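Take a look at the letters that make up each chain.
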Amino acid sequence: MTSTENQEHDSPLVASGPPQSNALSRRLHGHGQQVGIIAVLVAVWAIFIIGAPSPFLSQSIYGAYMSTIPFFAVIAIPLTMVIIAGEMDLSFPSIMAMGMVAFSTTFAWTGSVWLAFAAALIIGFMIGLSNGWIVVKLGIPSIVVTIGTQFFWRGAVLVLTNGSGASLVETKGTFLHTLLVGRVGGYLPMQMVWTIAMGIIIWILLNRHVLGAHTYLIGDNENSARLMGVNAGRTRMVVFAIVGLAAALGGVLSSMEVSYFWPTLGEGYLLRTLAAVFLGGTSVFGGVGTVFGTFVACFIIGAIEGGIVAIGLTGFWTQLIYGVIIIGSVAIQGVLNRRLGRG
């Protein structure tokens, strides 16, 4: 099975309709998910601009979005791989916090932000890898495993920190701080640059690397994948490890932005991260999903709360509108895919 982002259709042109129309229809059908999510993005932004033109026509709100959305987008993008593989990871909020425990502890011991950053990424990678190992070697469903590890690592964070946070003010002025959360040209947040970089890396892995081909194969039909010689267990372990690494990176980015590590770090990211992945067109059954869809969906999900307040509603509307947008977007994408498929 090839990825949906690279899918091309070689069926011959039918007799009816001009060749240009049929060619365009086939091209759009291959990118139905992307067309659908862009339509949702345009619709949501149009509503916000009409309802609150002053903030949504100024650049300040976009700077704010590019500062905060990357904290969960940088995790949602690789999480797409896990869900394409037919698995689920609910432990990444705790991995964010556990990575920062490693960061703050290493920084306190050594005074080196680089060693602290490496420690955070290593811990995140190893926790993700352990999730994959438990799923593969013990045969326990990933949703059960990661619910358990979510509680375990959150408990470990609270025990190791005694429920207390840690200041990261001393990291300000370091090159690492500038590299991770500085501003390019005084405006573009570096965390946005890292999110784009993550999107490019995961896109390459999914569409130009054997890991991506194997990920789609095992998500679509694991028995067929095994008959083709795919090492399904190793593939699963790798994609879980990548999510762990990304979660630790997300924890460092969000903590450095505010120069403080809270033991509750990550607790507010679970639902919006999962919502972004599914809103972007990734199937919960596996085998289907795109990096582009998740990337765009992150900005839809991330903009909702600010947009609701900007147009004069209270924050209590947030979850209700989350549900409406997600259900509506899935319906729109389904209709578009069916119509483009008949073209």
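As a reminder, the structure under discussion sits directly above these lines.
Bear in mind the structure is a predicted one, so any value in this text is a computation, not a measurement. Numbers given for residues are sequential positions, taken from 1 along each chain in its written order. Note on the predicted model: pLDDT of at least 70 is required for a residue's local features to be given, and 80 or more for side-chain atom pairs to be given and counted; whole-chain, interface and lining totals, by contrast, use all residues. The side-chain quantities take in all heavy atoms of the structure and omit both hydrogens and water.

Moving on, we come to the overall build of the chain. Going along the chain from the N terminus, every DSSP run of H or I of four or more residues is numbered as a helix, and every run of E of two or more is numbered as a strand. The helix and strand tally for the chain stands at 16 helices and four strands. Relative accessibility under 20% of the residue-type maximum defines a buried residue, over 50% an exposed one, and the middle range a partly exposed one, all with a 1.4 Å probe and only protein chains included. Residue burial in the chain is summarised as follows: out of 343 residues, 50% are buried. Counted over contacts in the chain with a minimum sequence separation of 6, partners at least 24 positions apart contribute 76%. Contacts between residues were defined by any pair of non-hydrogen atoms, one from each residue, lying within 4.5 Å.

It is worth spelling out a nonpolar patch on the surface at this point. For patch building, the residue pool is restricted to those with more than 30% relative accessible area and no salt bridge; the joining distance is 9 Å between like charges and 5 Å between nonpolar side chains (Val, Leu, Ile, Met, Phe, Trp, Tyr). Values of accessible area rely on a 1.4 Å probe in the Shrake-Rupley scheme; residue burial ignores everything except the protein chains shown. By salt bridge we mean one thing: a side-chain nitrogen of Lys or Arg within 4 Å of a carboxyl oxygen of Asp or Glu. Judged by side-chain polarity, W133, L138, I140, I143, V144, I147 and F151 come together as a nonpolar surface patch covering roughly 680 Å² of accessible area. In this structure, W133 sits in helix 7 (residues 113-138).

This brings us to the pattern of salt bridges. Scanning all chains against the criterion turns up five salt bridges. A salt bridge links E267 to R154; its shortest N-O distance comes to 3.8 Å. Pair noted here: E267 is in the loop between strand 4 (260-261) and helix 14 (270-279) and R154 is in helix 8 (residues 142-161), with a separation of 113 residues, a long-range link. The closest approach of N and O atoms between R183 and E257, which form a salt bridge, is 3.0 Å. Taken together, the residues span a long stretch of sequence, with R183 in strand 2 (residues 183-184) and E257 in helix 13 (residues 232-258) at a distance of 74 residues.

Where helix 11 (residues 210-220) contacts helix 13, the axes come no closer than 10 Å and their chain directions differ by 110 degrees. In terms of orientation, helix 11 lies roughly perpendicular with respect to helix 13. Of the residues in helix 13, those in contact with L211, H214, T215 and I218 of helix 11 are A232, T235, R236, V238, V239 and I242. Lines fitted to C-alpha atoms define the axes here, with helix axes fitted over just the stretch in contact, and angles between the N-to-C directions of these axes take values from 0 to 180 degrees. Oblique is the label for any angle not covered by the other classes, which are roughly parallel (under 35 degrees), roughly antiparallel (over 145) and roughly perpendicular (65 to 115).

So, about the side chain of S67. Tracing the sequence through the fold places S67 in helix 4 (residues 60-68). Under the relative-accessibility criterion, S67 is labelled buried at 10%. Polar contacts, as used here, are pairs of N or O atoms within 3.5 Å; protein pairs need one atom able to donate a hydrogen and one able to accept it. Residues neighboring in sequence count only if both atoms are side-chain atoms. Among the polar contacts made by the side chain of S67, one reaches the side chain of R183 at a distance of 3.3 Å. Excluding anything up to four places from it in sequence, S67 contacts R183, P189, Q191 and E257.

For the rest of this paragraph, the subject is the environment of M66. Here M66 is to be found in helix 4. For M66, a relative accessible area of 18% gives the class buried. For the pair M66 and Q191, spaced 125 residues apart in the sequence, the C-alpha separation amounts to 7.6 Å. Not counting residues within four places of it along the chain, the set of residues in contact with M66 comprises Y187, L188, P189, Q191 and M192.

Now for helix 13. Think of an α-helix as 3.6 residues a turn; residues three or four steps apart then line up on the same face. For a helix, the expected span equals 1.5 Å multiplied by the residue count minus one. Relative to the 39 Å expected for 27 residues at 1.5 Å per residue, helix 13 spans 40 Å between its end C-alpha atoms, a close match to the ideal helical length. Buried residues dominate helix 13, accounting for 22 of its 27 residues. Following helix 13 by one or two positions, S259 has its phi on the positive side, about 60 degrees.

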